Amino acid sequence: MAELHESVLVNCRNKFVKKGWHEHKTPIHGYRPDLFIQRFSKEDRVIEEIILEAEIQSTLHTDHTAEQLGYIHEYIVRQTKKKIIVKGFLAIPKGKKVLTIAEMFLYSQFPGDDTIKIIQI
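Residues numbered from 1 in each chain as written. Predicted model: local features only at pLDDT ≥ 70, side-chain atom pairs only at ≥ 80, totals over all residues. Heavy atoms only, no water.

J.: Would you take a moment to explain the pattern of salt bridges for this structure?
T.: A side chain with one charge may pair with a side chain of the opposite charge, provided their charged atoms come close. Applying the stated criterion to the full structure yields three salt bridges. As a salt-bridge pair, E23 and R13 come within 3.0 Å of each other at their nearest N and O atoms. Of this pair, E23 sits in strand β1 (residues 22–23) while R13 sits in helix α1 (residues 2–18); the two residues are 10 residues apart in sequence, bridging distant segments of the chain. Close ionic contact of D114 with K117 constitutes a salt bridge, the shortest N to O distance being 3.3 Å. By relative accessible area, K117 is classed as partly exposed at 38%. (Salt bridge = Lys/Arg side-chain N within 4 Å of Asp/Glu carboxyl O. Helix = DSSP H or I, 4+ residues; strand = E, 2+ residues; numbered from the N terminus. Buried < 20%, exposed > 50% of the residue type's maximum accessible area, 1.4 Å probe, protein only.)

Set out below in structure tokens:
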């Protein structure tokens, strides 16, 4: 199970780094997401941020996952008020069943809110 989680995370990290994103230390006190990356302007100003949590099917329904996604959601809302673009992602392995479970889980946590998107790797 840990290998699958790590594989999803490594693939996500590689995907974003190839596109010019830079990994940084998380600004959220008490929470360390699986991936926190930023893109900067030529003037060294933060243009955009991505905060990502990787999960596998067996860990999607845990309280720990719900808490992590809550931190991500709060951070996105706070940064949006500061006019900073932040994209939140829940990265999951490929598969129809795990996608359905992830969609239902996100909807149950944040009904009618689409601040956190699902990506399958």
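J.: Explanation requested: the nonpolar core in the structure shown.
T.: The nonpolar side chains of a soluble globular protein tend to be buried with one another. Ranked by size, the top nonpolar core spans 20 residues in total, and within it I51, L69, I72, L90 and I116 carry the most contacts. Mapped by element, the contributors of at least two residues to this core are α2 (63–81), β4 (85–92) and α3 (96–109). Discounting residues that sit within four places of it in the chain, I72 has contacts with Y31, I51, E53, G88 and I116. Counting 13 residues, the second largest nonpolar core, distinct from the first, contains L35, I37, A54 and I119. (Core = buried A, V, L, I, M, F, W, Y, C linked by side-chain atoms within 4.5 Å. Contact = heavy atoms within 4.5 Å.)

J.: Honestly, the sheet that holds β4 in this entry has me stumped. Any pointers?
T.: Two strands in a sheet stick together by hydrogen bonds in their backbones, pointing the same way (parallel) or opposite ways (antiparallel). Spatially, five strands are ordered β1-β2-β3-β4-β5 in an open sheet, and the strand pairing comes out mixed. Single-partner strands in this sheet number two, and they are β1 and β5 (116–120). Sheet topology note: the β1/strand β2 (residues 35–40) ladder contains two bridges and is antiparallel. Considered in β2, the bridge of E23 is made with I37. Relative to β5, α3 is tilted by about 170°, and along the sheet it contacts β4 and β5. (Pairing = 2+ DSSP bridges. Axes fitted to C-alpha atoms, helices over the stretch in contact; angles between N-to-C directions.)

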